[in-house]
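Here is how the chains run, residue by residue.
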Amino acid sequence: MNEDVEPQSGYMSPPPGAPVKELHFRLPDLPQVRQFAEDEARSAGMPEEAVGDFVIAVNEVATNAVTHGADHAFMRTWLVNGDLVVAVHDGGTWKPGPMPGAVGGMGLWVARLLSTELTLRAGEDGSTVIMRFPGKE
């Protein structure tokens, strides 16, 4: 992952005309978020051995959204050149990550390790984490 380069086209928002799937969720809906992520990964042709890591990354970000951001959030997925892009948005305010010695709070760090690209946008309208993953082999 290289955060110093400009993200590829279609990464920050869907390209014009690209099909986008959306799921609104709350904390009790996290099992549905994981199933949605798994279905999207397989639909995108993601290699089977990568699906589990994809679901973990999406779950970590979605969990953060509804436990640290707001009580509800939504995620959108789309394809760019065969890669699967996921954006998770909540209406909360950004809080810095774990303090030294913390035993939790590693979700964003885990998602960053598992994705090809990860961008965090935080502002007055909430926080959005956008991740990109290789799709078809």
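Residues numbered from 1 in each chain as written. Predicted model: local features only at pLDDT ≥ 70, side-chain atom pairs only at ≥ 80, totals over all residues. Heavy atoms only, no water.

### Comments concerning the sheet that holds strand β5 (residues 126-133)
One open sheet holds the five strands; their spatial order is β1-β2-β3-β5-β4, and the pairing between them is antiparallel. With one partner strand each, in any of the chains shown, β1 (21-26) and β4 (117-123) form the two edges of the open sheet. With strand direction ignored, the average angle separating the axes of adjacent strands in the sheet is 15°. Pairing of β4 with β5 involves seven bridges; the strand directions are antiparallel. Bridge pairing in β5 links G123 to G126. Each of β1, β2 (72-80) and β3 (83-90) is contacted by helix α1 (residues 30-43), which is oriented at about 160° to β1, the strand it contacts most. (Pairing = 2+ DSSP bridges. Helix = DSSP H or I, 4+ residues; strand = E, 2+ residues; numbered from the N terminus. Axes fitted to C-alpha atoms, helices over the stretch in contact; angles between N-to-C directions. Contact = heavy atoms within 4.5 Å.)

### Focus on the environment of K21
Here K21 is to be found in strand β1. A residue is classified by how much of its surface remains accessible, and K21, at 41% relative accessible area, is partly exposed. In the structure, K21 is positioned 19 residues away from E40 in sequence and 8.8 Å away in space, judged by C-alpha atoms. The contact partners of K21, leaving out residues within four places of it in the chain, are F36, E40, M75, R76 and T77. For K21, the side chain forms a polar contact with the side chain of E40, separated by 3.1 Å. (Buried < 20%, exposed > 50% of the residue type's maximum accessible area, 1.4 Å probe, protein only. Polar contact = N/O pair within 3.5 Å; in protein donor to acceptor, adjacent residues only side chain to side chain.)

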